[in-house]
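Residue-level listing of the chains:
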Amino acid sequence: MITRTRLAAGACALLAALAAGMAFPAGASAGEPTGEDAPKVDLVLDVSGSMRTRDIDGGTRMAAAKQAFNEVLDATPEEVQLGIRTLGADYPGDDRKTGCKDTAQLYPVGPLDRTEAKTAVATLAPTGWTPIGPALLKAADDLDGGDGSKRIVLISDGEDTCAPLDPCEVAREIAAKGIGLTIDTLGLVPNTKMRQQLSCIAEATGGTYTSVEHTDELTDKVNQLVDRAADPVVTPVATEGADACAKAPTLKSGLYTDREEFGQQRWYRVDVEPGQELRASVSVGADRAVNPSYGVLLRAVTVHGREIVRGEAAGDGRTDVLSTGLRYPKSESDEDDATAEAVCLQVTNSFSVAGGVKTTPGLPLELTVDVVDGPGDSDDVAAFGLGRGWWLLGLLVLVGFVAGLLWGWLSRWRFAIWRTN
């Protein structure tokens with residue numbers, strides 16, 4: 001019994017070591033967390049007439065929002081610069097053109113004076129229209145400048161009433177600017193149409209959507225989002241891939257963002273020195289409704305077009321993002337004057353959309369490039385995996401063979417003892 005337990009423990013340890021070598025490649029230095037500038041948050045609150053409805057904990061939606069804001073203001077971290085913008089708070093009339101311009105900065109984004117901000121919130125009264133699109137554009141301007149994290153938290157109880165300025169398209173345009181701004185949305189007592197619109201806005205910028213039906217839920221969620229803004233983040237660098245390798249921009253290790261049209265190819269170049277390894281991954285987001293059956297291909301090729309390695313992923317159904325990656329180790333050179341190799345990265349997608357869905361701007365693309373010293377040192381976990389050869393697999397087979405022989409011998413010995421007794 002003791003022998004069997006020890007054998008099982010040894011096998012588990014070996015399998016765990018193998019899994020560690022395969023599942024945890026060496027960390028990529030694909031960007032550093034920003035933190036030089038203070039994180040900024042703009043709370044965008046719907047103050048349209050529907051906020052008078054009394055269906056949240058026995059009170060109005062406006063009362064629930066005010067209570068939540070007061071508690072959030074008390075809990076906002078000191079390092080976060082916070083502002084408050086309203087939509088539909090000032091114009092009570094029926095003129096659509098005027099109502100769709102009704103958005104104002106209630107409290108400017110900056111160091112927080114809690115008393116002043118609470119006083120401003122106390123003056124709010126449900127009034128007019130729901131110009132979500134115009135409010136998002138203005139909120140993006142409120143957060144302009146600086147390298148710290150930027151987050152818009154939109155709280156609304158209804159869908160936009162100012163189309164054709166579609167707020168989902170506005171969110172895509174904001175994301176396409178590559179300014180690292182995230183929009184999170186919260187729907188108060190949502191219906192299907194509002195849920196779809198707010199989800200689309202959040203997905204376009206990598207944010208989250210949450211439905212809220214109680215005051216404490218609203219408070220907790222807004223607090224979470226404000227706290228999240230204070231966490232260090234890596235801000236992607238906006239770049240623009242070319243339609244051919246010869247025209248492609250040369251990238252260094254880092255995190256990059258781009259836009260890719262449906263079925264389009266984007267090319268980038270990376271210089272890899274002898275003895276280095278190129279590690280690259282790409283994620284393409286489906287920020288609008290797409291047809292089933294789609295794929296993403298990432299290829300590394302030489303400047304002459306010969307394929308070196310590829311990574312691909314495919315799906316069939318609903319998706320938010322599709323990712324794939326590749327690794328290419330460049331062999332050491334005996335020549336002292338060996339030059340770097342220009343490797344071309346090609347990103348291709350096979351997403352398609354049904355009629356009526358806009359194809360511009362292109363799908364959001366995030367590319368991670370990491371050029372590191374080739375694996376080989378004992379502290380490089382990647383060197384422990386099968387990528388460095390089949391010795392580990394051979395060792396596992398050998399251990400399994402020996403364990404099988406030992407187990408068979410023990411079984412025969414125990415059977416012989418049983419027959420004797």
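Everything below is about the structure printed above this text.
Each value, and the rule that gives it
Residues numbered from 1 in each chain as written. Predicted model: local features only at pLDDT ≥ 70, side-chain atom pairs only at ≥ 80, totals over all residues. Heavy atoms only, no water. Pairing = 2+ DSSP bridges. Helix = DSSP H or I, 4+ residues; strand = E, 2+ residues; numbered from the N terminus. Axes fitted to C-alpha atoms, helices over the stretch in contact; angles between N-to-C directions. Contact = heavy atoms within 4.5 Å. Polar contact = N/O pair within 3.5 Å; in protein donor to acceptor, adjacent residues only side chain to side chain. Buried < 20%, exposed > 50% of the residue type's maximum accessible area, 1.4 Å probe, protein only. Disulfide = S-S within 2.5 Å.

A. A look at the sheet that holds strand β4 (residues 81-87). Sheet architecture is open: six strands sit in the order β5-β4-β1-β6-β7-β8, paired in mixed fashion. Looking at strand neighbours, the two that pair on one side only are β5 (103-110) and β8 (209-212), the edges of this open sheet. Across the sheet, the mean angle separating the axes of adjacent strands is 15° when strand polarity is ignored. Both β4 and β5 contribute to a ladder of five bridges, which runs antiparallel. By the bridge assignment, L82 is partnered in β5 with G110. Helix-sheet contacts for helix α7 (residues 192-204) involve β6 (150-156), β7 (181-188) and β8, and the interaxial angle to β7 is about 165°.

B. Examining the side chain of T348 more closely. Counting through the fold element by element, T348 comes out in strand β16 (residues 341-349). Polar contacts involving the side chain of T348 include one to the side chain of Q346, which spans 3.4 Å. Setting aside residues no more than four positions away along its own chain, T348 makes contact with E260, Q264, Q265, G295, V296 and L297.

C. Quick look at the pairing of β7. When you tally the buried positions in β7, you get eight out of eight residues, the bulk of the element. Both faces of β7 are covered, namely the face carrying L181, I183, T185 and G187 and the face carrying T182, D184, L186 and L188. As paired elements, β6 and β7 share seven bridges and run parallel to each other. Within the sheet, the bridge partner assigned to I155 lies in β7 and is L186.

D. Layout of the sheet that holds strand β9 (residues 237-238). Read from one edge of the open sheet, five strands run β9-β10-β17-β12-β15, paired in mixed fashion. On the outer flanks of this sheet lie β9 and β15 (321-329), each paired with one strand and no other. Sheet analysis places strand β10 (residues 254-260) next to strand β17 (residues 363-373), joined by seven bridges and oriented antiparallel. In the sheet register, D258 faces β17, and the bridge partner there is L365.

E. Structural view of the state of the cysteines. Inspection of the entire model under this criterion finds three disulfides. Residue C100 pairs covalently with C162 via a disulfide, S to S 2.0 Å. Note on the C100 and C162 pair: the S-S dihedral is about -95°, so by sign convention the disulfide is left-handed. Taken together, the residues C100 in the loop between α3 (96-99) and β5 and C162 in the loop between β6 and α6 (167-176) connect sequence positions 62 residues apart. Take C100 and C162: they sit in the same class, and that class is buried. Here the bonded cysteines of the chain are numbered in sequence order, and their pairing is 1-2, 3-4, 5-6.

By themselves, these are just geometric observations and shouldn't be taken as functional.
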